[in-house]
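Descriptive structure summary
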Amino acid sequence: MILPKKDFLKARDFILTNARMIERRLFEFHFVNGDMNGVFHAVYAYRNSDGGFGHGMEPDTASPESQPLFSIMALETLDEVGYLTKEIILNDFMPYFESITTEKGGIPWMFRPKSTYPCEAHFKTVKEWAALSTTAPLLGILEKHEIDIPWMKKAEQFVWSEFERIKDKHAFCYLCVPRWLTFLKYTKSQEKAKKTINDLKNWISNNEIICKDKSDEGWGLYGKPHSLNYATSSESMLYSLFTQENIESDIKELINRQKKDGRWDTWYGISEGTKLEWAGIQTLWVLKALKNYSRIEK
């Protein structure tokens, strides 16, 4: 099954009229002209003077303060479009990340906002200790760009200790697992990485993590994961977990879930405006996944 061109154009129009500038620029990069400069400028609009990124780079909070997660998202986005260089990473990103590194060697997931700006309640009680899902992708990108700095040694020790500690507890979090894979793909410790990837595959396969009931309203809407959340392309490290039948079935279901106005929706959002922003993020994600599987009519 493929997404008809008329429905692709509806999705395009939804993004262009409702999504944030960052999603519009990413759409332009992936589907129009590959212009990475527009993405760079959209990302850096969220940057603060301390080198971190804030200002609601995730729509769950309007707080301007720099957040580790948002700074990782900025780094990942620039890497996605091929904009990153060693100089940008070392000069624009690492001073902030080094400044927030904990005694354990990792960086936190989030900090509790100090402002009174609107935000989801869970941000107000977030644990501020070092996190695997921010430290691992940072290390992975450093390794990818062949950077070797002293900070990495203790950070890598932290990451491996976290993989041992978490076991199968967080394999369900398909928003986190891809960030782990960045590290596992590029780390020099490939023997350890292979074991961890095999463990991940076993955890996902044996713990009924994948939502197979397509009548479930939470299927794929940042609620209950399906195969494409773990294998966004046939090049994914976790692609072998799924049969072609699984992939085909979930692609069909994903296409069928498009709304009349072109969006793919989520239940997220602290306001009607941020619900549209989240829908823009989700719609772009779907289009990129369908493109990866060559499922958009030309």
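Residues numbered from 1 in each chain as written. Predicted model: local features only at pLDDT ≥ 70, side-chain atom pairs only at ≥ 80, totals over all residues. Heavy atoms only, no water.

1. Section: unusual backbone geometry
For His-55, which is not a glycine, the phi torsion comes out positive at approximately 60°. With respect to the element layout, His-55 can be found in the loop between helix H3 (36-44) and helix H4 (68-80). A positive phi angle, near 55°, is found at Glu-146, a position not held by glycine. Within the secondary structure, Glu-146 sits in the loop between helix H6 (132-144) and helix H7 (151-166). Looking at Glu-146, the relative accessible area reads 64%, which means it is exposed. (Helix = DSSP H or I, 4+ residues; strand = E, 2+ residues; numbered from the N terminus. Buried < 20%, exposed > 50% of the residue type's maximum accessible area, 1.4 Å probe, protein only.)

2. Points about the nonpolar core
Counting 92 residues, the largest nonpolar core has Phe-93, Phe-97 and Trp-151 as its most contacted members. When residues no more than four places from it in sequence are discounted, the contact partners of Trp-151 are Met-94, Glu-98, Thr-101, Gly-105, Ile-107, Thr-135, Leu-138, Leu-139 and Leu-142. (Core = buried A, V, L, I, M, F, W, Y, C linked by side-chain atoms within 4.5 Å. Contact = heavy atoms within 4.5 Å.)

3. Considerations on the pattern of salt bridges
Within this structure, the stated rule accounts for 19 salt bridges. Close ionic contact of Lys-6 with Asp-7 constitutes a salt bridge, the shortest N to O distance being 3.3 Å. The residue Glu-128 makes a salt bridge to Arg-112 at a minimum N-O spacing of 3.6 Å. Highlighted residues: Glu-128 in the loop between helix H5 (86-99) and H6 and Arg-112 in the loop between H5 and H6, separated in sequence by 16 residues. Take Glu-128: its relative accessible area is 31%, and that puts it in the partly exposed class. By relative accessible area, which is 37% here, Arg-112 ends up partly exposed. Through salt bridges with shared partners, a single network forms among Asp-261, Arg-263 and Asp-265. (Salt bridge = Lys/Arg side-chain N within 4 Å of Asp/Glu carboxyl O.)

These results come straight from atomic positions and should not be treated as a statement about function.
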